[in-house]
Amino acid sequence: MHEFSICGLLLKALTEEYDAIEPAPAGLKSVTIVIGELHQIVPDYLQGAWAALTADTDYGGAELILEFQASHGICPACDWTGTISPPLFVCPTCKIPGVELSAGKELFIRKIEIKT
Amino acid sequence: MTTKEIKIYRDLMGANEVWAAKTRVLLAQKRVLMINLIGSPGAGKTSLLEGMGVQLDKKMKFAVLEGDVETTRDAERIREIGVPVSQLLSGGACHLEAKLVHYALQDLDLEHLDLVVVENVGNMVCPAEFDIGEHAKIAVLSVAEGDDKPLKYPLLFQQAKAAVLSKMDLLPYVPFDLPACRKYIQQVNAKLPVFEVSALQQEGLGGFMRWLCELKS
């Protein structure tokens, strides 16, 4: 249940961005975050944490939109690049383990939609 | 009502990262290595620390930050072997975060330490998500567990700088496929060094200790 902690960190980051907007928005409509495939985040738990932590706040009723980033890798042995399927980091071309991750660990706010 | 879209691209874990970065600065100033032991409840993390206490004290001065949901029982075990220890109670949280660890570090006599070992809350999922400012996460997996755990918890084994296979003295009595486990670890993280350890029998600790000393230097 680390989704509550992650949601708390999301709210801190979001608030810093939101409070810096001029002129002050009339409200928040949505926030979109990107989650890399390797993160073990349960979407329903994160949505539940969002609903609980934003209730009765300025963000109450705003939508949390989750976008998932697939894992991509580079094989240091044969230079293959492409989508990989965790948990296996084995090159599909040369079959050698050790594919280096180039995408899949993301966890960031991509955009917000404000009411004006 | 009209709406307006604003692109942000901001790291979501930033508030935790601020404290992790402060910890890295503090550790660099004091020249102290910090590792973060992560494994399921009962994996043998505290026993590993007890084993390290017996062997490591001659080579490196170390202290322990003991993370648990409740009780000070593990910290008492560590104190009994003469190693400085602070208990961090997460109060129900499934992991330690950087801010708590940073404050706990300030209570240690870092001037006279070489190594701080953080024993995270027993859990293979949540602690892997959080940077606490450590130099290395260490995955601890006992042979009394499933040999396929590296595949089930890939983030931990991807993030780790080393893996300890603990309770090796139980291997003759449990259906743990050691070669398969090593293969799974390599498939998830080909560069991960693996140390086979029995803390109770004081076997296999030397290799892990040498690796820690190399990491420190």
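The structure we're discussing is the one just above.
Residues numbered from 1 in each chain as written. Chains lettered and ligands numbered in written order. Predicted model: local features only at pLDDT ≥ 70, side-chain atom pairs only at ≥ 80, totals over all residues. Heavy atoms only, no water.

J.: For this particular structure, what's the right way to read the overall build of chain A?
T.: Of regular secondary structure, chain A possesses 2 helices and 6 strands. Taken from N to C terminus, the helices and strands of chain A fall in the order α-β-α-β-β-β-β-β. In summary, chain A has a C-alpha radius of gyration of 18 Å against a globular reference of 13 Å for 116 residues, an excess of more than 25%. For the C-alpha atoms alone, the extent of chain A along its principal axes is close to 55 × 30 × 15 Å. Summarising the internal contacts of chain A: among those between residues at least 6 apart in sequence, 69% fall at separations of at least 24. Element-wise, carbon and sulfur atoms account for 53% of the exposed surface of chain A, whose accessible area totals about 5500 Å². One finds the centroid of the 7 positive side-chain charges in chain A at a distance of 5 Å from the centroid of its 15 negative side-chain charges. (Helix = DSSP H or I, 4+ residues; strand = E, 2+ residues; numbered from the N terminus. Rg over C-alpha atoms; globule rule 2.2 N^0.38 Å. Contact = heavy atoms within 4.5 Å. Areas by Shrake-Rupley, 256 points an atom, 1.4 Å probe, with all protein chains shown as cover. Lys, Arg positive; Asp, Glu negative; His and termini not counted. Charge placed at Lys NZ, Arg CZ, Asp CG, Glu CD.)

J.: Sorry, what's going on with the sheet that holds strand 4 (residues 81-83) of chain A here?
T.: Across a sheet, strands are paired by hydrogen bonds formed along the backbone, either parallel or antiparallel in direction. All names here are of chain A. In spatial order, the strands read 4-3-5; together these 3 strands make up an open sheet with antiparallel pairing. Two strands in the sheet have a free side with no partner beyond their single neighbour: strand 4 and strand 5 (100-103). Here the average twist between neighbouring strands, direction ignored, is 35°. Bridge analysis of strand 3 (residues 72-74) against strand 4 gives 3 bridges, and the strand direction is antiparallel. Considered in strand 4, the bridge of histidine 72 is made with threonine 83. (Pairing = 2+ DSSP bridges. Axes fitted to C-alpha atoms, helices over the stretch in contact; angles between N-to-C directions.)

J.: Explain the interface of chain B and chain A here, please?
T.: Many analyses report the size of an interface as the accessible area lost when the parts associate. With 34 residues of chain B in contact, the opposing surface of chain A contributes 36 residues. Counting every contact that joins chain B to chain A gives 4 salt bridges. The residue Glu16(A) makes a salt bridge to Arg10(B) at a minimum N-O spacing of 2.8 Å. When residues of the side of chain B that touches chain A are traced back to their parent elements, those giving at least two are strand 1 (3-11), helix 1 (14-30), helix 5 (126-129), helix 6 (149-152), helix 7 (154-159) and helix 8 (178-188) of chain B. The element best represented in the side of chain B that touches chain A is strand 1 of chain B, accounting for 9 residues. The residue inventory of the side of chain B that touches chain A, partitioned by class, reads 17 nonpolar, 8 polar and 9 charged. (Salt bridge = Lys/Arg side-chain N within 4 Å of Asp/Glu carboxyl O. Nonpolar A, V, L, I, M, F, W, Y, C, P; charged D, E, K, R; others polar.)

J.: Mind showing me how you'd approach the side chain of Gln187(B) here?
T.: Relative to the helices and strands, Gln187(B) is located in helix 8. The exposure class assigned to Gln187(B) is buried, which follows from its relative accessible area of 17%. Filtering out sequence-adjacent residues up to four positions away, Gln187(B) remains in contact with Pro87(A), Leu88(A), Phe89(A), Val90(A), Pro97(A) and Leu151(B). (Buried < 20%, exposed > 50% of the residue type's maximum accessible area, 1.4 Å probe, protein only.)

J.: Would you take a moment to explain the side chain of Asn16(B) for this structure?
T.: Position of Asn16(B) among the secondary structure elements: in helix 1. For Asn16(B), the side chain forms a polar contact with the main-chain oxygen of Asp131(B), separated by 2.8 Å. Leave out the neighbours within four places in its chain, and Asn16(B) touches Leu9(A), Glu97(B), Ala98(B), Phe130(B) and Asp131(B). (Polar contact = N/O pair within 3.5 Å; in protein donor to acceptor, adjacent residues only side chain to side chain.)

J.: What is the right way to read the environment of Ile6(B) from this model?
T.: In this fold, Ile6(B) is placed in strand 1. With 134 residues separating them along the chain, Ile6(B) and Val140(B) place their C-alpha atoms 43 Å apart. Ignoring anything within four residues of it in the chain, the contact list for Ile6(B) reads Ile21(A), Arg110(A), Lys111(A), Ile112(A) and Ile114(A).

J.: Mind showing me how you'd approach unusual backbone geometry here?
T.: With the exception of glycine, most residues fall at negative phi, and the peptide bonds are largely trans. At the junction of Glu22(A) and Pro23(A), the peptide bond is cis and its omega measures out at -5° in the coordinates. Here the amide bond leading from Pro86(A) into Pro87(A) is cis, since omega sits at 15°, within 30 degrees of zero. Positive phi values are uncommon outside glycine, yet Thr71(B) reaches one of about 70°. In this structure, Thr71(B) sits in the loop between strand 3 (62-68) and helix 3 (73-80). The backbone of Lys167(B) sits at a positive phi, close to 60°, despite the residue not being glycine.

J.: Whenever I open this one, the packing of helix 1 of chain B against helix 4 (residues 98-106) of chain B confuses me. Can you help?
T.: Angle between the axes and distance between the axes: these two values describe a pair of packed helices. Residue and element names in this part refer to chain B. For the pair helix 1 and helix 4, the least separation of the axes is 8 Å and the interaxial angle reads 30°. With respect to helix 4, the axis of helix 1 lies roughly parallel. Note that helix 1 runs across helix 4; the crossing there is left-handed. Across the interface between the two elements, Asn16, Trp19, Ala20, Lys22, Thr23, Leu26 and Leu27 of helix 1 pack against Ala98, Lys99, His102, Tyr103 and Leu105 of helix 4. (Parallel < 35°, antiparallel > 145°, perpendicular 65-115°, else oblique. Left-handed = near helix turned anticlockwise from the far one by under 90°.)

J.: I tried to follow the packing of aromatic side chains on my own but got confused; where do I start?
T.: Remark: the centre distance and the inter-plane angle together describe each pair of aromatic rings, the angle taken between the planes. All names here are of chain B. According to the stated counting rule, one finds 6 aromatic pairs over all chains in the structure shown. Pairing phenylalanine 195 with tryptophan 211 gives two aromatic rings, centres 6.0 Å apart and planes at 55°, and the pair type is tilted. On the criterion of sequence distance, the pair formed by phenylalanine 195 in strand 8 (residues 194-196) and tryptophan 211 in helix 9 (residues 205-216) is long-range, its members being 16 residues apart. Tryptophan 211 carries the same exposure label as phenylalanine 195, and that label is buried. Site record: aromatic cluster; members linked through ring pairs are Phe195, Phe208 and Trp211. Sitting over the ring of tryptophan 19, lysine 22 keeps its end group 4.0 Å from the ring centre. (Phe/Tyr/Trp six-rings, centres within 6.5 Å; stacked < 30°, edge-to-face > 60°. Lys NZ or Arg CZ within 6 Å of the ring centre and 35° of its normal.)

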